[in-house]
Amino acid sequence: MNVAVRAPAVWRRLAKPVAVIGAGIAGLTAAADLERRGLQVSVFETGRAVGGMASSFKDAEGYTYDFGAHFVSNRLARALGASDISHTVGHYGEAVALAGRSYSYPFGLAASPRYAASAIAARLKPGAVDNAADWFRNAYGAALAEDVAIPLAEAWSGAAATELSPAVGQKLSAGVLKTLYLKAASRLTGRAVCNGYSHEMPESPGVYHVYPEGGLSRLLEPTMQQIGHRIALESRVERIFVERGRVVAVRVNGHEIGVSAAISTAPVHILPRLVEGTDELDELGQFRYRPMIFVNLRFEGRNLLPDTMLWVPDRTQPFFRVTEAPFSMPWLAPEGRTQLTFDIGCEVGDAHWSMSDEELARTCLDGLCRIYPHLRTRYIGAGGMLKTPFAYPVYLSRYEPRRQEFARDTGIAGFYSIGRNGEFAHLLMEDIYWRTLKRTQHVADYVGRDV
Ligand SMILES: Cc1cc2nc3c(=O)[nH]c(=O)nc-3n(C[C@H](O)[C@H](O)[C@H](O)COP(=O)(O)OP(=O)(O)OC[C@H]3O[C@@H](n4cnc5c(N)ncnc54)[C@H](O)[C@@H]3O)c2cc1C
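Residues numbered from 1 in each chain as written. Predicted model: local features only at pLDDT ≥ 70, side-chain atom pairs only at ≥ 80, totals over all residues. Heavy atoms only, no water.

Q: What's the story with the nonpolar core in this structure? I'm lost.
A: If you look at soluble globular proteins, the nonpolar side chains tend to sit buried side by side. Grouped together as the largest cluster of nonpolar side chains are 109 residues, with contacts concentrated most on F136, I240, I263, L271, V275 and F415. Looking at this core, the element that brings in the most residues is helix α7 (residues 142-157), giving nine residues. Excluding its chain neighbours within four sequence positions, the residues that come into contact with F136 are G141, A145, A149, I150, A153, V168 and G169. Core analysis: the second largest hydrophobic core is formed by 27 residues, A97, I293, L360 and A361 among them. (Core = buried A, V, L, I, M, F, W, Y, C linked by side-chain atoms within 4.5 Å. Buried < 20%, exposed > 50% of the residue type's maximum accessible area, 1.4 Å probe, protein only. Helix = DSSP H or I, 4+ residues; strand = E, 2+ residues; numbered from the N terminus. Contact = heavy atoms within 4.5 Å.)

Q: Hey, could you run me through the sheet that holds strand β9 (residues 209-212) in this one?
A: Whenever strands of a sheet pair, they do so through backbone hydrogen bonds, lying parallel or antiparallel. Taken together, the three strands give an open sheet; going across it, the order is β5-β9-β6, and neighbouring strands pair in antiparallel fashion. The outermost strands of the open sheet, each flanked by one partner alone, are β5 (72-73) and β6 (86-88). Examined bridge by bridge, β6 and β9 share three bridges and lie antiparallel to one another. Of the residues in β9, the one forming a bridge with S86 is P212. (Pairing = 2+ DSSP bridges.)

Q: I keep staring at the domain arrangement of the chain and nothing clicks. Help me out?
A: Quite often, the size of an interface is put as the accessible area lost when its parts meet. As assigned here, the chain comprises domain 1 (2-52 + 219-285 + 397-448), domain 2 (94-176) and domain 3 (289-393). The distance between the C-alpha centroids of domain 1 and domain 2 comes to 37 Å. In this assembly, six residues from domain 1 lie in contact with seven residues from domain 2. When the area that domain 1 buries against domain 2 is broken down by residue, the three leading residues are S397, E400 and H426, summing to 80%. Taken together, the residues of the side of domain 1 that touches domain 2 sort by class into two nonpolar, two polar and two charged. (Domains from an automatic or database assignment. Buried area = accessible area lost by both parts, 1.4 Å probe. Nonpolar A, V, L, I, M, F, W, Y, C, P; charged D, E, K, R; others polar.)

Q: Help me understand the site of the ligand, please; the structure alone is not making it clear to me.
A: E45, M53, F71, R420 and M429 are the nearest of the 32 residues found near the ligand. A26 places a main-chain nitrogen or oxygen 2.9 Å from an oxygen atom of the ligand. Within the side chain of E45, a nitrogen or oxygen atom sits 2.7 Å from an oxygen atom of the ligand. Contributing elements (two or more residues each) for the shell around the ligand: α2 (25-36), β20 (379-393), α16 (419-423) and α17 (429-448). Across the shell around the ligand, the residue classes tally to 19 nonpolar, ten polar and three charged. Looking at the shell around the ligand, you find at least three residues from each of domain 1 (2-52 + 219-285 + 397-448) and domain 3 (289-393). (Near = heavy atom within 4 Å. Polar contact = N/O pair within 3.5 Å; in protein donor to acceptor, adjacent residues only side chain to side chain.)

Q: Just checking my understanding: could you explain a negative patch on the surface for this structure?
A: Taken together, the side chains of D279, E280, D282 and D409 define an acidic patch exposed on the protein surface. Tracing the backbone shows D279 in the loop between β15 (275-276) and β16 (289-300). The class of D279 is exposed, set by a relative accessible area of 58%. (Patch = residues over 30% accessible without salt bridge, like charges linked within 9 Å, V, L, I, M, F, W, Y side chains within 5 Å. Areas by Shrake-Rupley, 256 points an atom, 1.4 Å probe, with all protein chains shown as cover. Salt bridge = Lys/Arg side-chain N within 4 Å of Asp/Glu carboxyl O. Lys, Arg positive; Asp, Glu negative; His and termini not counted. Charge placed at Lys NZ, Arg CZ, Asp CG, Glu CD.)

Q: Mind showing me how you'd approach the packing of helix α6 (residues 132-140) against α7 here?
A: Two quantities define a packed helix pair, namely the angle between the helix axes and the distance between the axes. Where α6 meets α7, the closest approach of the two axes is 8 Å, and the angle between their N-to-C directions is 135°. The angle between the axes of α6 and α7 places the two elements in the oblique class. Considering how the two elements wind past one another, α6 and α7 form a crossing that is right-handed. Contacts between α6 and α7 pair A133, F136, R137 and Y140 from the former with A142, L144, A145, E146, A149, I150 and A153 from the latter. (Axes fitted to C-alpha atoms, helices over the stretch in contact; angles between N-to-C directions. Parallel < 35°, antiparallel > 145°, perpendicular 65-115°, else oblique. Left-handed = near helix turned anticlockwise from the far one by under 90°.)

Q: Would you mind going over the sheet that holds strand β8 (residues 101-105) with me for this structure?
A: Read across the sheet, seven strands follow the order β8-β7-β17-β18-β19-β16-β20 without closing on themselves; strand pairing throughout is mixed. In the strand order of this sheet, the two ends are held by β8 and β20, each with one partner. Across the sheet, the mean angle separating the axes of adjacent strands is 25° when strand polarity is ignored. For β16 and β20, the ladder comprises nine bridges, and the chain directions are antiparallel. For R290, the partnering residue across the bridge sits in β20 and is Y392. Contacts from helix α14 (residues 357-371) reach β7 (94-98), β16, β19 (337-345) and β20 within the one sheet, and its direction differs from that of β16 by about 75°.

Q: Looking at this structure, how should I read the confidence of the model for the chain?
A: In regions of low pLDDT, the predicted coordinates are not meant to be interpreted in detail. Per-residue pLDDT for the chain averages 92, and the proportion of residues at 70 or more is 95%. Across residues 1-13, confidence stays below pLDDT 50; counting only partners more than four residues off in sequence or on other chains, it has nine contacts. (pLDDT = per-residue confidence, 0-100.)

Q: In this structure, what is going on with the pattern of salt bridges? I would like to understand it.
A: Where charged atoms from two side chains of opposite charge approach closely, those side chains can pair. Under the criterion given, the structure shown has 26 salt bridges. A salt bridge links E238 to R251; the nearest nitrogen and oxygen atoms lie 3.3 Å apart. One end of the pair, E238, is in strand β11 (residues 237-243); the other, R251, is in strand β12 (residues 246-252), and 13 residues separate them in sequence. Residue E238 is classed as buried on the basis of its relative accessible area of 19%. For the salt bridge of R402 with E405, the shortest nitrogen-to-oxygen distance reads 3.0 Å. Taken together, the residues span about one helical turn, with R402 and E405 both in helix α15 (residues 400-408) at a distance of three residues. Classification of E405 as partly exposed rests on a relative accessible area of 40%. Bridged by salt links that share partners, the residues E200, E423, R435 and K438 form one connected network.

Laid out in structure tokens, this is it:
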């Protein structure tokens with residue numbers, strides 16, 4: 001009797017697709033996994049192309065550059081079926097520019113007597129931890145926290161480190177012994193062993209950086225082959241309808257479509273406007289993302305920075321990080337040339353956001369030449385510029401409890417929020433992949449459930 005009554009409900013639910021909002025790595029991974037499980041999916045992407053933050057560009061002059069991710073692991077490439085197009089990266093390293101000197105990160109900094117003494121003092125007498133500034137002082141010592149970690153966190157987030165949650169530091173820390181071991185493994189194997197790129201899966205000498213031939217976005221091609229027919233481009237999800245606490249439909253480009261569940265990869269602060277029929281998500285409206293500008297400049301020569309990535313904890317500089325991707329992936333620029341990418345933390349509409357491309361290029365070149373004056377004569381010209389309003393989730397302490405609650409459950413039956421902006425978490429691509437697979441198990445259980 002029960003079976004006869006429930007069967008039509010199950011059938012109706014199964015007949016409606018699961019709506020996936022966004023075709024970045026999170027949405028594509030979710031869609032491919034649900035389809036593999038035999039569920040119907042429809043992916044809606046507002047942009048003209050898939051990839052989201054994992055998009056790559058190649059220009060006529062032979063430069064390849066990525067918007068967002070540059071560094072991924074061989075384990076992710078394998079999981080995505082892209083091993084055969086991926087090159088092994090032989091070297092990856094970071095440095096910090098401080099008061100006219102460059103220190104390798106982390107050991108060059110640790111070798112400085114001032115920083116070492118302060119770090120030991122902090123270990124011997126740790127203070128209370130109420131915010132990110134406290135966390136940095138305990139973890140690195142007051143000297144390194146004040147000179148490096150706090151200015152970087154503030155430039156990156158646009159908020160005072162005392163207003164940021166300690167979770168900012170916890171997300172970034174990799175542990176000294178682990179770093180030492182992985183750095184040594186990198187030297188021995190001649191491969192850029194990943195360190196701090198995954199928190200979901202263990203890092204070891206067998207997990208190293210690779211780069212897909214032709215640009216990082218190619219990593220998603222095998223998934224596209226599986227799921228491409230389910231993707232509607234230039235299709236913005238304008239509303240997600242909730243009835244009696246359960247997702248029932250979405251509106252896409254003006255058309256209403258019944259759905260069995262919805263998986264969003266959109267930034268969480270727009271969810272209160274997107275999701276209609278509940279006030280469950282209202283508090284997320286105040287969550288803030290840090291807008292960012294990425295400026296590419298081109299130079300004669302190679303390996304102009306001390307290492308692949310240069311951190312610049314100098315509040316008088318417009319940028320807090322410069323990346324020379326061809327340092328690790330020489331094939332990204334024509335021979336004898338290189339490209340540096342400058343990260344500028346900003347607010348939409350502020351002085352940097354409003355600058356023309358020429359002004360941004362000049363500002364970055366001037367800042368760089370304050371550190372390395374000799375680079376001015378090597379400057380060739382500007383490459384692409386990118387401005388994005390949602391680059392980094394800002395973990396303000398005041399909404400930390402709600403953030404953690406939302407990370408466990410959206411509070412709406414059949415509604416899931418995944419990916420970097422969707423989880424409001426500093427996630428890199430590999431962790432997005434593994435976390436999304438765990439979440440699709442929940443979606444499949446929900447959709448298949450007899451309710
Ligand atoms: C500067 C920077 C550097 C990074 N470097 C690395 C790195 O080296 N290694 C690494 O692993 N990761 C890196 N990352 C992180 C990585 O790029 C992201 O974590 C990942 O690409 C995010 O994937 P996603 O699918 O969660 O989101 P996204 O890629 O943002 O995809 C979301 C998609 O949803 C679409 N969308 C939004 N709203 C709607 C709507 N209403 N309707 C329809 N579609 C919608 C968007 O257009 C977008 O395409 C970096 C990120 C940044 C910003």
